[in-house]
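These are the residues of each chain, in order.
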Amino acid sequence: MPVIKTTKPLKISRANLALMRECPRCFWLYKNKGIKRPQGYPYTLSLAVDYLLKREFDGYRERGILHPVLTDQANLAKAKLFSDSEQLTKWRNNFEGLGYYDQNLNAELFGAIDDVLEFPDGSLAVVDYKSSGAKEITVYDDYQMQMDVYTHLLEQLGYKTSRKAYFVFYIVDKNSGFDGRLPFRGEVREVGTDPSYVYDLFEKAVALVRSDTPPPHHSECQYCNWAAHHKEL
């Protein structure tokens, strides 16, 4: 158990955990010193698609029916979109999100989600929208961890989960022309979720943030390697 040096709760996001797994030093610098990695170009198109999809899914939620992209999934025939719109709005908020406070660690783990499915037995499953111009769909390790963390968060809040999650990929159809509009086709991917490792990862992140000593340079991190090289010049 890490030694707590402050009464102020520490906030750890799902993205923070992904950064720590990729490079503990970059994570420590960001959370302790506010030193961020250089920012790339913003994914403004993906953000726009995400915004439009939330509005579209909410329209179907208000009508009490599934979005058409989900209706072709036989295992979702009896599912429905999560009906508590007020709660979902909080869970979607980047600064609040789906999260819980751990009293022993004096820390909060959280993450913003896109949507949630509810099944007849009361269990929930997170839905995440992805837009892509790639030819094939790939569920990356970071995507999988994203859903494992969300499942963990739901269970910590007392919700029953199906231990499944759903990615709704919207892929640009490059064979349909343009004419001022991007043609998308939707595909759904179901993944099993395993939240069993998430708490240990969260605990490790909290301990690392509260450590006075930064981790060593990560040999596989391009940012650490760049910084180490230019420090020697």
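Scroll up a little and you will see the structure.
All values reported here derive from a predicted model rather than from experimental measurement.

Remark: a regular strand shows side chains that alternate across the two faces of the sheet. By the criterion of burial, strand β6 (residues 124-132) is predominantly enclosed, with seven of the nine residues buried. Pairing of strand β5 (residues 115-118) with β6 involves four bridges; the strand directions are antiparallel. Paired with V116 across the strands is V126, a residue of β6. The hairpin turn running from β5 into β6, its antiparallel successor, is five residues long, and G122 in that turn takes a positive phi close to 90 degrees. Direction of pairing for β6 relative to strand β7 (residues 164-172): parallel, over a ladder of six bridges.

Roughly 250 Å³ of internal volume is contained in the second largest pocket. Along the wall of the second largest pocket there are 13 residues; nearest its centre are C26, L29, I35, Y223 and A227. For the lining of the second largest pocket, the leading source of residues is helix α8 (residues 222-232), giving five residues. The residue inventory of the lining of the second largest pocket, partitioned by class, reads eight nonpolar, one polar and four charged.

Moving on: the pattern of salt bridges. On inspection of all chains with the given rule, the structure shows 14 salt bridges. Of the charged contacts, one joins D115 and R92 as a salt bridge, the two residues approaching to 3.4 Å between their closest N and O atoms. You can see D115 sitting in strand β5 and its partner R92 sitting in helix α5 (residues 85-92), a full 23 residues away along the chain. Exposure remark for R92: the relative accessible area of 13% places this residue in the buried category. Here E187 ties to R185 by a salt bridge, and the two come within 2.0 Å at their closest N and O atoms. According to the relative accessible area criterion, E187 is partly exposed, its value standing at 23%.

Here we take up the sheet that holds strand β4 (residues 107-111). Pairing is mixed in the open sheet, where three strands are placed in the order β1-β4-β3. Of all strands in the sheet, those bounded by a partner on one side alone are β1 (10-13) and β3 (98-102). For this sheet the average axis-to-axis angle between neighbouring strands, irrespective of direction, equals 20 degrees. As paired strands, β3 and β4 are joined by five bridges and run antiparallel to one another. By the bridge assignment, L98 is partnered in β4 with G111.

By secondary structure assignment, the location of K31 is in helix α2 (residues 24-33). For the pair formed by K31 and Y166, sequence separation is 135 residues and the distance between their alpha carbons is 30 Å. Apart from the residues within four sequence positions on either side, K31 is in contact with K11, I12, N16 and V209.

Within the largest apolar cluster, 43 residues are counted, with the highest numbers of intra-cluster contacts made by I12, L17, F27, L109, I113 and F202. If sequence neighbours within four positions are ignored, I113 has contacts with K54, L88, W91, R92, L98, V126 and Y150. Among the nonpolar cores identified, the runner-up in size contains 19 residues, and F57, L70, L76 and V127 belong to it.

Rules used throughout
- Residues numbered from 1 in each chain as written.
- Predicted model: local features only at pLDDT ≥ 70, side-chain atom pairs only at ≥ 80, totals over all residues.
- Heavy atoms only, no water.
- Buried < 20%, exposed > 50% of the residue type's maximum accessible area, 1.4 Å probe, protein only.
- Helix = DSSP H or I, 4+ residues; strand = E, 2+ residues; numbered from the N terminus.
- Pairing = 2+ DSSP bridges.
- 1 Å grid on protein atoms, 1.4 Å probe; cavity = no way out; pocket = protein on both sides within 12 Å on 5 of 7 lines; lining within 4 Å.
- Points joined across faces, edges and corners; volume = space filled by probe spheres on them.
- Nonpolar A, V, L, I, M, F, W, Y, C, P; charged D, E, K, R; others polar.
- Salt bridge = Lys/Arg side-chain N within 4 Å of Asp/Glu carboxyl O.
- Axes fitted to C-alpha atoms, helices over the stretch in contact; angles between N-to-C directions.
- Contact = heavy atoms within 4.5 Å.
- Core = buried A, V, L, I, M, F, W, Y, C linked by side-chain atoms within 4.5 Å.

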